[in-house]
Amino acid sequence: MTAKPTNRTATAQPTIPHALLSPGATSTSPPEHTFEMRFTSTPRGARLARRLAAVRLDGWGIPYGTDAHDAVVLIVAELTANAVRHGHVPGRDFHLRLHAPPHDRVLRVEVTDTRGERLPRRPGVPQGAADTEEEAGRGLLLVSQLAARWDWHPRPDGPGKTVWAEYVFAASQRQPRC
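Scope of this entry: the structure provided in the associated data block. (Residues numbered from 1 in each chain as written. Predicted model: local features only at pLDDT ≥ 70, side-chain atom pairs only at ≥ 80, totals over all residues. Heavy atoms only, no water.)

Before going further, it helps to examine the nonpolar core. Core analysis: the largest hydrophobic core is formed by 36 residues, its most contacted members being Leu79, Leu96, Leu98, Leu107 and Val109. Elements represented by at least two residues in this core include exactly strand E1 (33-40), helix H1 (43-59), helix H2 (67-86), strand E2 (93-100), strand E3 (106-113), helix H4 (139-146), strand E4 (149-154) and strand E5 (161-168). No other element matches H2, which puts nine residues into this core. (Core = buried A, V, L, I, M, F, W, Y, C linked by side-chain atoms within 4.5 Å. Buried < 20%, exposed > 50% of the residue type's maximum accessible area, 1.4 Å probe, protein only. Helix = DSSP H or I, 4+ residues; strand = E, 2+ residues; numbered from the N terminus.)

Within the secondary structure, Arg155 sits in the loop between E4 and E5. Among the residues examined, Arg155 registers a relative accessible area of 17% and is labelled buried. Setting aside its immediate chain neighbours within four residues, Arg155 contacts Thr112, Asp113, Thr114, Gly160, Lys161 and Thr162. One polar contact links Arg155 to Asp157, side chain to side chain, over a distance of 2.9 Å. (Contact = heavy atoms within 4.5 Å. Polar contact = N/O pair within 3.5 Å; in protein donor to acceptor, adjacent residues only side chain to side chain.)

The backbone phi angle of His103 is positive, close to 60 degrees, even though this residue is not glycine. Mapped onto the elements of the fold, His103 is located in the loop between E2 and E3. According to the relative accessible area criterion, His103 is exposed, its value standing at 67%.

We now examine the pairing of E4. Two elements, E4 and E5, share six bridges in a ladder whose sense is antiparallel. Bridge assignment links His153 to a residue of E5, and that residue is Thr162. (Pairing = 2+ DSSP bridges.)

Spatially, the five strands line up as an open sheet ordered E1-E2-E3-E5-E4, and their pairing is antiparallel. The open sheet terminates on both sides in strands that have one partner only, identified here as E1 and E4. Along the sheet, successive strands turn relative to each other by an average axial angle of 15 degrees, direction set aside. In the sheet, E2 pairs with E3 via five bridges, with the strands oriented antiparallel. (Axes fitted to C-alpha atoms, helices over the stretch in contact; angles between N-to-C directions.)

This part is about the packing of H1 against H2. It is at 9 Å that the axes of H1 and H2 come closest, and there the two elements cross at 155 degrees. The angle between the axes of H1 and H2 places the two elements in the roughly antiparallel class. In this structure, H1 meets H2 at a crossing whose hand is right-handed. On H2, the residues that touch Pro43, Ala46, Ala49, Arg50, Ala53, Ala54, Leu57 and Asp58 of H1 are His69, Val72, Val73, Val76, Ala77, Thr80, Ala81 and Val84. Classifying every residue of the contact of H1 with H2 gives twelve nonpolar, two polar and two charged. (Parallel < 35°, antiparallel > 145°, perpendicular 65-115°, else oblique. Left-handed = near helix turned anticlockwise from the far one by under 90°. Nonpolar A, V, L, I, M, F, W, Y, C, P; charged D, E, K, R; others polar.)

Let us look at the packing of H2 against H4. For the pair H2 and H4, interaxial distance at closest approach is 9 Å and the crossing angle is 150 degrees. Classified by the interaxial angle, the pair formed by H2 and H4 is roughly antiparallel. As for the relative orientation of H2 and H4, their crossing is left-handed in sense. Contacts between H2 and H4 involve Ala71, Leu74, Ile75, Glu78, Leu79 and Asn82 from the former and Gly139, Leu140, Leu142, Val143 and Leu146 from the latter. Residues that form the contact of H2 with H4 fall into these classes: eight nonpolar, two polar and one charged.

Turning our eyes to something else, we now look at the pattern of salt bridges. Summed over all chains, the structure comprises nine salt bridges. One salt bridge in this structure joins Arg97 and Glu110, with 3.9 Å as the shortest N-O distance. Of this pair, Arg97 sits in strand E2 while Glu110 is found in strand E3, placing the two residues 13 residues apart along the sequence. Among the salt bridges present, the one from Lys161 reaches Asp113, with a minimum N-O distance of 3.0 Å. Placement of the pair is Lys161 in strand E5 and Asp113 in strand E3, with a sequence separation of 48 residues. Assessed through its relative accessible area of 3%, Lys161 is described here as buried. (Salt bridge = Lys/Arg side-chain N within 4 Å of Asp/Glu carboxyl O.)

Quick look at the structure:
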């Protein structure tokens, strides 16, 4: 799905300063893997978000070409594309957040946009007959097949919404390195 970059030095790999570790954590405790960034609400921004997520997953020990890597990258691709297509407000960015707590089999993807009036259907709500014949609009169906669960909630700090999905690693899949 996503090609592994040939030049790894071109990608910034921020470190977690000791002062930013969660309370009670030591520098020998496994870090919480979190990646957050704002992107322009354009197709180019969605592409960049997908590529940076792919690089970050590989850095966390979820290598390119594995089922887990490809599934999470596809979830990111669909949610960011939806943020651009359905959540675009001129001059406003969307926000991507990946979070994998240590010793957990769950990786959470969150995409926040600034458009609050165009809301996705809740998981499990059936689509109408007219919707099934359209070529577009199947992104959340893919997300629902790949993720253990997904949903959305209003953005707490302003207008818009956050659509999130949680990918659960199977016992045979490699978990993020901690």
